[in-house]
Amino acid sequence: MHRKSRRLATTIVITAVVAMLAGATFASAQVIGGSARATSKTVKGCVNKKTRAVRIVPSSKSCKRSEIQVIWNRRGRRGAKGAVGDTGAQGATGAAGGATGATGSSGATGATGATGLTGANGATGTPGLTGANGLTGATGLTGATGLTGLTGAMGPTGAVGPAGATGTAGATGTAGATGGAGTAGATGAVGPTGAMGDTGNQGPVGNQGPVGSTGASGTANINVTIVSNTSASTSTDKSITATCAGGRNVVGGGFSTNNTNVGAQASFASSATVWTVNAVEFANTGVSWTVTAYALCAL
């Protein structure tokens, strides 16, 4: 009785990134501590608790006590169209093959996706600063000095004896004509161009084109193991990762916690080999708790 209640206390929800088996595509899975029933839209598997090895079983067959039951949906929701990848480098030219086969008929051309709206033009940047004024031109040359006025006539020599009266001063000559104005100095050099204004804001992104059609289902030979990692026991929000090793890539993952007031804010594949879980308290529990991250790893 104690063993059963402990096993049912923890529910692990795992969302698969990609899992294919026997020509069917599986979009999601649930690993449940108790029992669950597989349907025509799901596939049932058993995961060994120690080795993490997965085996596919009929829906009518039960898992062993040493295994965890896993139910996969055969088809998940269609995801959004991914961004176009970078063009790969051109491969080396292969050796010439045999005779060229007959040209196959051309496939029908797919409908062209609607063109996204053009983003609005960004705002015009502010005008640059006005350049500094040019240097003042040099001062023109000083005009020539006017002619000196004529010297007045000398008075007559006085008789010898008492000195004669001093003769009157001659009249002052007329002032010379004013010199012409000097030539204007050369125009100063043009000041430097002001700095360029800030770039305007980018216009809004155009609407996303329509989602492409789903590709044909492929076949796969899958070998899945489960890797887990448990955090330290504290009363604070925490992040934990589970990492695939041995050349395996993460194809799904999930989490479990020992506190009902704790949940995952995010549970996702943070790289090709790592599953990350960010766990938070829904309410301030005031007690320590742990969170365990699970990664489904496949070759």
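As shown above, the structure is provided for reference.
The notes below deal with the structure included here. (Residues numbered from 1 in each chain as written. Predicted model: local features only at pLDDT ≥ 70, side-chain atom pairs only at ≥ 80, totals over all residues. Heavy atoms only, no water.)

### Focus: the overall build of the protein
For step 1, the next point in the chain: Broken down by element type, the protein carries one helix and 13 strands.
For step 2, the next point in the chain: For the protein, the sequential pattern of α-helices and β-strands runs α-β-β-β-β-β-β-β-β-β-β-β-β-β.
For step 3, the next point in the chain: Going through the 299 residues of the protein one by one, you find that 20% of them count as buried.
For step 4, the next point in the chain: At a minimum sequence separation of 6, the contacts of the protein that also span at least 24 residues come to 69%. (Helix = DSSP H or I, 4+ residues; strand = E, 2+ residues; numbered from the N terminus. Buried < 20%, exposed > 50% of the residue type's maximum accessible area, 1.4 Å probe, protein only. Contact = heavy atoms within 4.5 Å.)

### Re the sheet that holds strand 12 (residues 274-281)
For step 1, the next point in the chain: The three strands lie next to each other as 9-12-11, forming an open sheet whose pairing is antiparallel. Edge strands, defined here as strands with exactly one partner in the open sheet, are strand 9 (238-243) and strand 11 (262-269). Each adjacent strand pair in this sheet contributes to an overall mean axis angle of 20°, direction not counted.
For step 2, the next point in the chain: Both strand 9 and strand 12 contribute to a ladder of six bridges, which runs antiparallel. Bridge pairing in strand 12 places Thr 243 opposite Val 274. (Pairing = 2+ DSSP bridges. Axes fitted to C-alpha atoms, helices over the stretch in contact; angles between N-to-C directions.)

### Re the state of the cysteines
For step 1, the next point in the chain: On inspection of all chains with the given rule, the structure shows two disulfides.
For step 2, the next point in the chain: Through a disulfide, Cys 46 is tied to Cys 63; the S-S separation comes to 1.9 Å. Between Cys 46 and Cys 63, the disulfide has an S-S torsion of -85° and is therefore left-handed. With Cys 46 in strand 5 (residues 42-48) and Cys 63 in the loop between strand 6 (54-57) and strand 7 (67-73), the pair connects residues that are 17 residues apart, well separated along the chain.
For step 3, the next point in the chain: Here Cys 244 pairs with Cys 297 through a disulfide, and the sulfurs are 2.0 Å apart. What sets the handedness of the Cys 244 and Cys 297 disulfide is the S-S torsion sign, and at about -85° it is left-handed. Taken together, the residues Cys 244 in the loop between strand 9 and strand 10 (249-257) and Cys 297 in strand 13 (residues 291-298) connect sequence positions 53 residues apart. When sorted by exposure, Cys 244 lands in the same class as Cys 297, which is buried.
For step 4, the next point in the chain: Once the bonded cysteines of the protein are numbered in order along the sequence, the disulfide links fall as 1-2, 3-4. (Disulfide = S-S within 2.5 Å.)

### Topic: the side chain of Thr 292
For step 1, the next point in the chain: Checked against the element boundaries, Thr 292 lands in strand 13.
For step 2, the next point in the chain: In this structure the side chain of Thr 292 is engaged in a polar contact, spanning 2.8 Å, whose partner is the side chain of Thr 230. (Polar contact = N/O pair within 3.5 Å; in protein donor to acceptor, adjacent residues only side chain to side chain.)

### What about unusual backbone geometry?
For step 1, the next point in the chain: Located in the positive-phi region is Arg 52, a residue other than glycine, with phi close to 65°.
For step 2, the next point in the chain: Following the sequence through the fold, Arg 52 ends up in the loop between strand 5 and strand 6.

### Overview of the pattern of salt bridges
Any two side chains of opposite charge can pair if their charged atoms end up close together.
For step 1, the next point in the chain: Counted under the stated rule, the structure contains one salt bridge.
For step 2, the next point in the chain: Residue Glu 67 is joined to Arg 55 by a salt bridge in which the shortest nitrogen-to-oxygen separation is 2.8 Å. Of the two residues, Glu 67 sits in strand 7 while Arg 55 sits in strand 6, which places them 12 residues apart along the sequence.
For step 3, the next point in the chain: When its relative accessible area of 11% is taken as the criterion, Glu 67 is described as buried. (Salt bridge = Lys/Arg side-chain N within 4 Å of Asp/Glu carboxyl O.)

### Some words on the nonpolar core
For step 1, the next point in the chain: Val 277, Val 291 and Ala 295 are the most contacted members of the largest nonpolar core, which has 13 residues in total.
For step 2, the next point in the chain: Taken together, the elements giving at least two residues each to this core come down to strand 9, strand 12 and strand 13.
For step 3, the next point in the chain: Contacts of Val 277, omitting those with residues within four sequence positions, involve Lys 238, Ser 239, Ile 240, Gly 254, Phe 255, Ala 264, Ala 266, Ser 267, Val 291 and Ala 293. (Core = buried A, V, L, I, M, F, W, Y, C linked by side-chain atoms within 4.5 Å.)

### A look at the environment of Ser 239
For step 1, the next point in the chain: Checked against the element boundaries, Ser 239 lands in strand 9.
For step 2, the next point in the chain: In sequence terms Ser 239 and Val 280 are 41 residues apart; their C-alpha atoms lie 8.8 Å from each other.
For step 3, the next point in the chain: When sequence neighbours within four positions are dropped, the list of residues in contact with Ser 239 reads Thr 276, Val 277 and Asn 278.
For step 4, the next point in the chain: Side chain to side chain, Ser 239 and Asn 278 meet in a polar contact 2.8 Å long.

### Quick notes on the side chain of Thr 276
For step 1, the next point in the chain: Examined against the element boundaries, Thr 276 turns out to sit in strand 12.
For step 2, the next point in the chain: Engagement of the side chain of Thr 276 in a polar contact is seen with the side chain of Ser 270, the distance being 2.7 Å.
For step 3, the next point in the chain: Apart from residues no more than four positions distant in its own chain, Thr 276 is found in contact with Ser 239, Ile 240, Thr 241, Ala 266, Ser 267, Phe 268 and Ser 270.

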